Amino acid sequence: MSGFALHEIICDEKGIPVDYRFISINEAFEKLTGLKAKDIVGKRVLEVIPNTEKYWIERYGKVALTGEPMQFEEYSSVIGKYYEVRAFCPGKGRFAVIFHDITERKKNEEAILDAAREWRSTFDAVSDAVWLLDKDQRIVRCNRATAEFTGKENSEIVGKHCWEVIHNTEKPLTECPILRMNKSRQKESQELKIGNKWFLIKVDPIFDDKGKIRGAVHIVSNITDRKLSEEEKLKLEEQLHQAQKMESIGRLAGGVAHDFNNLLTPILGYAELLKMDVPRLDPRRDQIEQIKNAADRAKDLTKQLLAFGRKQMLELKVINLRSVVENFGKMLKRTIREDINIVFDLPDNAGLVKADVGQVEQVILNLTVNAQDAMLKGGMLKIKIENTILASDDVKEYPDVMPGNYVCMSISDTGHGMDKAVMEHLFEPFFTTKQMGKGTGLGLSMVYGIVKQHQGHLQVVSELGKGTTFRIYLPIVQEQEEVIIPSAPVKQSGRGGETVIIVEDNEMVGGIASLLLNNFGYRTIVFDKGEDCIRFIENGTDHVDLLLTDVIMPSINGKELYERVRGKRPSIKVLYMSGYDREVVAHHGIVGRGIHFLQKPFSAESLQEKVRETLDS
Ligand code: ADP
Ligand code: MG
């Protein structure tokens, strides 16, 4: 029921309506306002309701002045209710209002608005990107996080297909979960990698009353951190597995090598004894020599296995790696092929480490020889030393490495690099990609063992076609440096890389010498006649570093041979070998200082030592 009130318009002297006098009101007016007719009829509005809002009177005034009816919604703070009011002029000087209470409706509307506002704030407060799709999979609404996730403004997102926003593609990708959802009508989720971030997209279908898909909600969470920690965990497990594998192979190799060495001692000892019993010219001497040589090679092999198994005796001294590299570098420059440019980057302030110089040299040698092998067409070999801090984050994948101050020696090459398959087996003993006879697969396992035995750490970075860097970390010690390191000649299996011509009329000896030298990394060319060697030198252009020749031979003797070869190759060096002792050899003109001489029969070690010494002289 509507309230009704009829008023007389009261104007000021200019004829502007300023108030209204009640003429009559109906019952509903009384009910709606609580005002009674007997109290107000004949009174003015401002008298009855003194605080009546000024604009109210003005608005009525407009109607009263123009005679144009108006309809509006009004809140009366005096009465505390909302009204819908129609105001009009029923006759001259008369003004009437018809109104009804809309407080209830207004409250409902406000509640709806509040709910919408609340919903929006909640929607925007969600840290995941949430958007609503219509049935054509166009985004109709999205929250604030969507803009943050996609880096796009909301206005750029709304109206677009979800794949345009996520994948920047014009067509949906076949694996788009919403497409599957359309068929399966179930919730779907999918993990997606976009750029370097990982997302989980959950898709919830929205159905209409008839059960048809009306659209969907996408909830997209950034799961990059979780993914990274999963990846990290996997990597950690892999590292641990790798470490355990190396540990057990190491134990096995070390154990076998140790026992094997014990067995080799009597083999070598008895061979020596037998040799003493057999007269010089007896052909069985050669056979014994072969036993001995084979046993020597086996000894060498076990030595490398021992190194890998960390069972070597270390002679630890407080040293500066810089001096080791400087001293050893001189030797390297002579042994590494000339088409390889060796660059050193050695700081003055390198920290001191506790290490076995011979072993460190062995590490450098093995790594540089590998680098050389990887640079068949030449390249750059760089040896760098720097002080480094390994933070706990850097070593968390390596449970046996302590964080702290380290000296890092890196050996880089510009060679062919390695693929993942090679990298996985790199340090395993006998793993080689080289041809039979070219590689033993023991170089890096020795390096591994030596570094580990020094409480060090090692890392490899390699890319196919781009080269390789090995980094060796040795812990810095706070002790006084002990020694100035002498330039130590390389012993053991120092792989040379130089070319040696062997001239020896005894094929067996020539063969063994060649075999042993090959094993040490030298290239060899064997002749059983001096004439053949001269022909080779005269006609060929191959670079040759050393002539290893027998002294007493049927036609040309060693001395003559050397003279003629030197005529063509002035820089060649010579090492004479003979079964006769120095006295006899001296009769053949081979006397004086600076002459290098190898007594036959030679052990593998003495052969290598003499060859090295001669080359380095
Ligand atoms: P070997 O040199 O006798 O093959 P190593 O243990 O020294 O044995 O090396 C094992 C393998 O690792 C090599 O055969 C080679 O495939 C690979 N490798 C080692 N160092 C390098 C390098 N600097 N560049 C490329 N590959 C390398
Ligand atoms: Mg090697």
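Residues numbered from 1 in each chain as written. Chains lettered and ligands numbered in written order. Predicted model: local features only at pLDDT ≥ 70, side-chain atom pairs only at ≥ 80, totals over all residues. Heavy atoms only, no water.

Once that is clear, we can look at the pattern of salt bridges. Applying the stated criterion across every chain yields a total of 40 salt bridges. Between E73 and K106 there is a salt bridge; the shortest N-O distance is 2.9 Å. Residue E73 is found in strand β3 (residues 70-76), and its partner K106 is found in helix α5 (residues 103-125); the two are separated by 33 residues along the sequence. Judged by relative accessible area, which is 35%, E73 ranks as partly exposed. Of the residues examined, K106 reaches a relative accessible area of 17% and is grouped as buried. Here K466 ties to E463 by a salt bridge, and the two come within 3.4 Å at their closest N and O atoms. (Salt bridge = Lys/Arg side-chain N within 4 Å of Asp/Glu carboxyl O. Helix = DSSP H or I, 4+ residues; strand = E, 2+ residues; numbered from the N terminus. Buried < 20%, exposed > 50% of the residue type's maximum accessible area, 1.4 Å probe, protein only.)

Next up on the list: unusual backbone geometry. You will see that Q137, though not glycine, has its phi angle at about 65°, which is positive. Here Q137 falls in the buried class, since its relative accessible area comes to 8%. Of note in the backbone geometry, Q455 takes a positive phi value of approximately 60° without being a glycine. With respect to the secondary-structure elements, Q455 resides in the loop between α16 (443-453) and β16 (457-463). Overall, the relative accessible area of 60% leaves Q455 in the exposed class.

Right, let's get into the nonpolar core. Formed by 51 residues in total, the largest nonpolar core has its most connected members in L321, L332, I364, M409 and I472. When residues of this core are assigned to their parent elements, the largest contribution, eight residues, is made by helix α13 (residues 357-374). Of the domains in this structure, domain 3 (230-307) and domain 4 (317-475) are the two that each give at least three residues to this core. Beyond its immediate sequence surroundings of up to four residues, I472 is in contact with V363, L367, V407, C408, M409, V447, V451, H457 and L458. Ranked by size, the runner-up nonpolar core spans 21 residues in total, among them F22, I25, Y60 and V85. (Core = buried A, V, L, I, M, F, W, Y, C linked by side-chain atoms within 4.5 Å. Domains from an automatic or database assignment. Contact = heavy atoms within 4.5 Å.)

What follows deals with the site of ligand 1. By nearness alone, 20 residues border ligand 1, and N370, D413, T432, T433 and K434 come closest of all. Within the side chain of T433, one N or O atom sits 2.4 Å away from an oxygen atom of ligand 1. Within the contact set of ligand 1, an oxygen atom lies 2.6 Å away from a side-chain nitrogen or oxygen of K434. The protein chains hide 97% of the 530 Å² of surface that ligand 1 would expose on its own. (Near = heavy atom within 4 Å. Polar contact = N/O pair within 3.5 Å; in protein donor to acceptor, adjacent residues only side chain to side chain. Areas by Shrake-Rupley, 256 points an atom, 1.4 Å probe, with all protein chains shown as cover.)

Time to look at the domain arrangement of the protein. Partitioning the protein into domains gives domain 1 (3-106), domain 2 (126-222), domain 3 (230-307), domain 4 (317-475) and domain 5 (499-616). Placing a centre on the C-alpha atoms of domain 2 and another on those of domain 3 gives a separation of 64 Å.

This paragraph deals with the pairing of strand β1 (residues 3-11). Bridging between β1 and strand β5 (residues 94-101) involves six bridges; their strand directions are antiparallel. Its bridge partner lying in β5, H7 is registered against F95. As defined by bridge partners, β1 adjoins strand β2 (residues 17-25) across seven bridges and the pair is classed as antiparallel. By the bridge assignment for β2, L6 is matched with S24. Between β1 and β2, which pair antiparallel and follow one another directly, the connecting turn spans five residues, one of which, G15, has a positive phi of 85°. (Pairing = 2+ DSSP bridges.)

Another point: a nonpolar patch on the surface. A surface patch of nonpolar side chains, about 390 Å² in accessible area, is lined by L252, V256, F260 and L263. For L252, the position within the fold is in helix α10 (residues 224-277). On the basis of relative accessibility, which here comes to 58%, the residue L252 falls in the exposed class. (Patch = residues over 30% accessible without salt bridge, like charges linked within 9 Å, V, L, I, M, F, W, Y side chains within 5 Å.)

The subject of this paragraph is the packing of α13 against α16. For the pair α13 and α16, interaxial distance at closest approach is 9 Å and the crossing angle is 145°. When the axes of α13 and α16 are compared, the crossing they make is left-handed. Here α13 contributes Q359, Q362, V363, N366, L367 and N370 to the contact with α16, which in turn contributes G443, L444, M446, V447 and I450. A breakdown of the residues in the contact of α13 with α16 according to their chemical character gives six nonpolar, five polar and no charged. (Axes fitted to C-alpha atoms, helices over the stretch in contact; angles between N-to-C directions. Left-handed = near helix turned anticlockwise from the far one by under 90°. Nonpolar A, V, L, I, M, F, W, Y, C, P; charged D, E, K, R; others polar.)

This next bit is on the environment of D505. Along the chain, the position of D505 falls in the loop between β18 (499-503) and α17 (507-519). Note on D505: relative accessible area 34%, which makes it partly exposed. Taking the C-alpha atoms as reference points, D505 and T368, 137 residues apart in sequence, are found 35 Å from one another. With near-sequence residues (within four places) excluded, D505 lies in contact with D528, D550, I552, M553 and P554.

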